[in-house]
Amino acid sequence: MDSGPLDEMIPIAFALCVSAIVGLAIWIQYRMRRLRLEVLKEALTQRDDLDLDTLKALVATPYGRVADLRRGALWFAVALSGFLFSFALPAEAQRVILGLLAFPAMIGLTFLAFHIFRVRPDRT
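Everything numeric in this text was worked out from a predicted model, so none of it was measured.

Rules of the game
- Residues numbered from 1 in each chain as written.
- Predicted model: local features only at pLDDT ≥ 70, side-chain atom pairs only at ≥ 80, totals over all residues.
- Heavy atoms only, no water.
- Helix = DSSP H or I, 4+ residues; strand = E, 2+ residues; numbered from the N terminus.
- Buried < 20%, exposed > 50% of the residue type's maximum accessible area, 1.4 Å probe, protein only.
- Contact = heavy atoms within 4.5 Å.
- Areas by Shrake-Rupley, 256 points an atom, 1.4 Å probe, with all protein chains shown as cover.
- Expected span 1.5 Å × (residues − 1).
- Core = buried A, V, L, I, M, F, W, Y, C linked by side-chain atoms within 4.5 Å.
- Phe/Tyr/Trp six-rings, centres within 6.5 Å; stacked < 30°, edge-to-face > 60°.
- pLDDT = per-residue confidence, 0-100.
- Patch = residues over 30% accessible without salt bridge, like charges linked within 9 Å, V, L, I, M, F, W, Y side chains within 5 Å.
- Salt bridge = Lys/Arg side-chain N within 4 Å of Asp/Glu carboxyl O.
- Arc of directions from axis to C-beta.
- Axes fitted to C-alpha atoms, helices over the stretch in contact; angles between N-to-C directions.
- Parallel < 35°, antiparallel > 145°, perpendicular 65-115°, else oblique.
- Left-handed = near helix turned anticlockwise from the far one by under 90°.
- Nonpolar A, V, L, I, M, F, W, Y, C, P; charged D, E, K, R; others polar.

1. Concerning the overall build of the protein chain
A count of helical and extended segments in the protein chain gives five helices and zero strands. The order of helices and strands in the protein chain, counted from the N terminus, is α-α-α-α-α. In the protein chain, buried positions account for 16% of the 124 residues. Sequence separation of at least 24 residues holds for 59% of the intrachain contacts in the protein chain that already meet a minimum separation of 6. Surface accessibility of the protein chain: about 9800 Å² in total, with carbon and sulfur atoms responsible for 70%.

This is how it looks when you write it as structure tokens:
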């Protein structure tokens, strides 16, 4: 089978798309953290009578008890979508992509394990 320029561009395009998605998620997380800190700074400069509960609410992360479950499911979704995409590739490129997809799958498995084995206050 003749390997044309399109066969070489498919894995590169796939890697760029995954990099763009991960980069965008990291940038949005950084932006939200920066905005939260700006709100805290504004609240501290404007008001002198902030109580401890208000400060805790401003500083607290917006993640709930299922944050690890959501992250794990997201990483598994990335791995699954890449797995399904790999069937459109030639056999040699498919092996490479499947090898690379082991990383998001293992990250997802790790987050799911964090969720399962997390110490909960209602259990001792």
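2. Focus: helix α1 (residues 5–46)
Look at α1: 60 Å from first C-alpha to last across 42 residues, which is about the 62 Å you get at 1.5 Å a residue. All buried positions along α1 are accounted for by Phe14, Leu40 and Ala43.

3. Side note on the nonpolar core
Of all hydrophobic cores here, the largest spans five residues; its members are Phe14, Leu89, Ala93, Ile97 and Leu101. Not counting residues up to four positions away in its chain, the partners in contact with Leu101 are Phe14, Val78, Ala79, Gly82 and Phe83.

4. As for the packing of aromatic side chains
Under the defined criterion, the tally for this structure stands at three aromatic pairs. Here the aromatic rings of Phe111 and Phe114 are separated by 6.1 Å at their centres, their planes lie at 85°, and the arrangement is edge-to-face. One end of the pair, Phe111, and the other, Phe114, are both in helix α5 (residues 102–116), three residues apart, so they sit about a helical turn from each other.

5. Some details on the confidence of the model for the protein chain
Mean pLDDT over the protein chain: 82, with 90% of residues reaching 70 or higher. Predicted confidence in the protein chain is weakest over helix α2 (residues 52–59), with a mean pLDDT of 74, and strongest over α5, with 90.

6. Quick look at a nonpolar patch on the surface
On the surface, Leu24, Trp27, Ile28, Tyr30, Met32 and Leu35 cluster together to form a nonpolar patch covering roughly 600 Å² of accessible area. Note on placement: Leu24 falls in helix α1. The class of Leu24 is partly exposed, set by a relative accessible area of 47%.

7. As for helix α3 (residues 67–86)
With 20 residues, α3 should reach 28 Å at 1.5 Å per residue; the first-to-last C-alpha distance of 29 Å fits that figure. Looking at α3, one finds that the buried residues are Ala67, Asp68, Gly72, Ala79, Gly82 and Ser86. Projected down its long axis, α3 carries its buried residues within an arc of 140°, all on one side. Opposite its buried face, α3 presents the exposed residues Leu74 and Leu84, each directed more than 90 degrees away. Looking at the buried side of α3, the elements it contacts are α1, α4 (91–100) and α5.

8. Concerning the packing of α1 against α3
For the pair α1 and α3, interaxial distance at closest approach is 12 Å and the crossing angle is 165°. On the basis of their axis angle, the class for α1 and α3 is roughly antiparallel. Along this stretch, α1 crosses α3, giving a crossing that reads as right-handed. Side by side, α1 and α3 meet where Ile10, Phe14, Val22 and Gln29 of the first sit next to Arg71, Trp75, Gly82 and Phe85 of the second. Of the residues contributing to the contact of α1 with α3, the split by class is five nonpolar, two polar and one charged.

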